[in-house]
Structures are given as structure tokens and as C-alpha cells.
Amino acid sequence: MNLLDLDARWKRFNDENRACPCCGQRFSSIFDIGYDHPDIWPHGDLAESGQTDFQVGEDRLTAELCKVDDHRFIRCVLPLPVRGSDEVFFFGPWASVTPETFFAYIDTATDPSKDFEGGAAWLMNDLPGFETSDVIACDLVSGAGGERPSLMAQSGPLAEAQKTGISFDQLLDIYAASGTDIRPHLTAD
């Protein structure tokens, strides 16, 4: 039994058959938060551009890769376990990487016989609940079976959260800070 199974809000959050009495909204468990582009990208959203390969001058953005001036970025996942459950919440941020890591990643994406070894990286999105003006150094870890690589913070509050997990209340705060405040819908009877 998971400890969160004792929390009525958690039960409601995971019950796809329950409709919120105030609005009819339904939830079916954790949903991830992804980022269209690294914060440094100056040219607008890829999704809004209607393109799969958004290029402005030498700058280029696709769903998985980005180049701005001489900087290179890889889209990845950043896992945060939810304490009291077996669930994991994922941010889908961007990581700044060296050109060597960037091209090694492309090589493994185009040749399945090669393994991506990962490398040093820096988080390139300001994550709700973990806002900072400091650069967050990370390790980029190879994803299994063609999955996106994982970003693991090396130190600080984000690294601690990845190690020990976040509470359900912290998860709800992250959703609220990203524009989706579901807390009132989980307490309405």
C-alpha cells in the first residue's frame, strides 16, 4: 500500500471516473510538463510556428534538438519521484551540452548500434518550484531503448528532490505555478 492512498485528494486525482462537482473535470493521475524550447531560444514557440524544423538564420529548433548561435541543446526528461507512491513526475526540459555531446547524441539517434554515453549538461529551463538565477549543473544520462536522456542535477534543491522525491502538495504547487491549478478540483465534494 502506498501512503498517498490514504489521501482523498490523491484518490480523486487518480480516479478517471470521478468528475469534479464544480466543473466536471476528470483526472487520471500524474501528467508531465514539457517545454517547447530552451529559455534562451529567442524566436517563439516551435508549436506555434507550425513547422517541425524552425530555422531563423543559423538558429534552429526541432522537437528534440536546438542550436542558438554556438550553443547546442538536447531535449530530455527530468524525473522527480512522488513520495508515498510508486509514481514519478517528469519535467521535459532542455539541456545545454558541449558540441561533442550534441554530435554523439545525433550519432546514436541515427545509428541504433551505437550507445549514447551522456555527459555534462546544464538545465536550460526555469522549472516551477525550483526557480533560481544560478546555472544548474547536471549529468545527462542515456535513455533506455531510444527514450530521451534523463537530466540529473548534481547539487542543490533539485538534486535533493530527485533523490528523496517531492510531496503530493509540492506536485500540486508545480502544476499551479505552471498555470494548471487543480487543487480546488481535488477538494470539492
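Residues numbered from 1 in each chain as written. Predicted model: local features only at pLDDT ≥ 70, side-chain atom pairs only at ≥ 80, totals over all residues. Heavy atoms only, no water.

Participant: Explain the overall build of the protein to me, and be specific about the residues and the numbers.
Facilitator: When helices and strands are counted, the protein shows 6 helices and 11 strands. Principal axes of the C-alpha set define a box for the protein whose edges measure 55 × 35 × 35 Å. Within the protein, the proportion of its 189 residues that are buried is 41%. Of all intrachain contacts in the protein linking residues separated by at least 6 positions in sequence, the fraction that spans at least 24 positions is 55%. As displayed, the protein offers around 10,100 Å² of accessible surface, 49% of which is attributable to carbon and sulfur atoms. Of note, the protein has its 14 positive side-chain charges centred 6 Å away from the centre of its 32 negative side-chain charges. (Helix = DSSP H or I, 4+ residues; strand = E, 2+ residues; numbered from the N terminus. Buried < 20%, exposed > 50% of the residue type's maximum accessible area, 1.4 Å probe, protein only. Contact = heavy atoms within 4.5 Å. Areas by Shrake-Rupley, 256 points an atom, 1.4 Å probe, with all protein chains shown as cover. Lys, Arg positive; Asp, Glu negative; His and termini not counted. Charge placed at Lys NZ, Arg CZ, Asp CG, Glu CD.)

Participant: If you had to explain the side chain of Thr 108 to someone new, which residues and values would you point to?
Facilitator: The topology assignment puts Thr 108 in helix α3 (residues 99-110). By relative accessible area, which is 15% here, Thr 108 ends up buried. A polar side-chain atom of Thr 108 sits 2.9 Å from the main-chain carbonyl oxygen of Tyr 105. Aside from chain neighbours lying at most four places away, what touches Thr 108 is Lys 114, Asp 115 and Phe 116. (Polar contact = N/O pair within 3.5 Å; in protein donor to acceptor, adjacent residues only side chain to side chain.)

Participant: I'd like a rundown of the sheet that holds strand β5 (residues 71-75), residues and numbers included.
Facilitator: The pairing of strands in a sheet comes from backbone hydrogen bonds and takes either a parallel or an antiparallel form. In space, the 8 strands of this open sheet follow the order β2-β3-β4-β5-β8-β9-β10-β11, with antiparallel pairing throughout. Looking at which strands have only one partner, the edges of the open sheet turn out to be β2 (54-56) and β11 (150-153). Here the strands of the sheet are splayed against their neighbours by 30° on average, with no regard to which way each runs. Pairing of strand β10 (residues 137-141) with β11, which is carried by 4 bridges, proceeds in the antiparallel orientation. (Pairing = 2+ DSSP bridges. Axes fitted to C-alpha atoms, helices over the stretch in contact; angles between N-to-C directions.)

Participant: Can you explain the sheet that holds strand β1 (residues 33-34)? Please cite residues and give values.
Facilitator: One open sheet holds the 3 strands; their spatial order is β1-β7-β6, and the pairing between them is mixed. Edge positions in the open sheet fall to β1 and β6 (78-81), since each of these has one partner strand only. The pairing of β1 with strand β7 (residues 88-92) spans 2 bridges and is parallel. From the neighbouring strand, Gly 34 faces β7, where its bridge partner is Gly 92. Against the sheet, helix α5 (residues 168-177) makes contact with β1 and β7, and its axis sits at roughly 25° relative to β7, the strand it touches most.

Participant: An account of the nonpolar core is requested, with residue identities and associated values reported.
Facilitator: Grouped together as the largest cluster of nonpolar side chains are 47 residues, with contacts concentrated most on Phe 89 and Phe 91. Once residues lying within four places of it in the same chain are set aside, the contact partners of Phe 91 are Ile 33, Tyr 35, Cys 76, Val 77, Leu 78, Leu 80, Leu 127, Pro 128, Phe 130 and Ile 174. (Core = buried A, V, L, I, M, F, W, Y, C linked by side-chain atoms within 4.5 Å.)

Participant: Quick one: what's the story with the pairing of β7, residue by residue and with numbers?
Facilitator: Two elements, β6 and β7, share 4 bridges in a ladder whose sense is antiparallel. Residue pairing for β7: Pro 81 is matched across the bridge by Val 88. Two successive antiparallel strands, β6 and β7, enclose a turn made up of 6 residues, where Gly 84 displays a positive phi of approximately 85°.

Participant: I'd like a rundown of the packing of aromatic side chains, residues and numbers included.
Facilitator: For the structure on display, the rule yields 12 aromatic pairs. Judged by centre distance (6.4 Å) and plane angle (45°), the ring pair of Phe 13 and Tyr 175 falls under tilted. Of this pair, Phe 13 sits in helix α1 (residues 8-13) while Tyr 175 sits in helix α5, placing them 162 residues apart in sequence. A residue is classified by how much of its surface remains accessible, and Phe 13, at 0% relative accessible area, is buried. Pairing Trp 41 with Phe 54 gives two aromatic rings, centres 5.6 Å apart and planes at 65°, and the pair type is edge-to-face. Highlighted residues: Trp 41 in the loop between β1 and α2 (46-49) and Phe 54 in strand β2, separated in sequence by 13 residues. Under the relative-accessibility criterion, Trp 41 is labelled buried at 4%. Phe 54 gets classed as buried once you look at its relative accessible area, which sits at 10%. A network of ring pairs unites the aromatic residues Trp 10, Phe 13, Phe 27, Phe 31, Tyr 35, Phe 89, Phe 91, Phe 168 and Tyr 175 as a single cluster. If you follow Arg 72 out to its NZ or CZ, it ends over the ring of Phe 102, 5.8 Å from the centre. (Phe/Tyr/Trp six-rings, centres within 6.5 Å; stacked < 30°, edge-to-face > 60°. Lys NZ or Arg CZ within 6 Å of the ring centre and 35° of its normal.)

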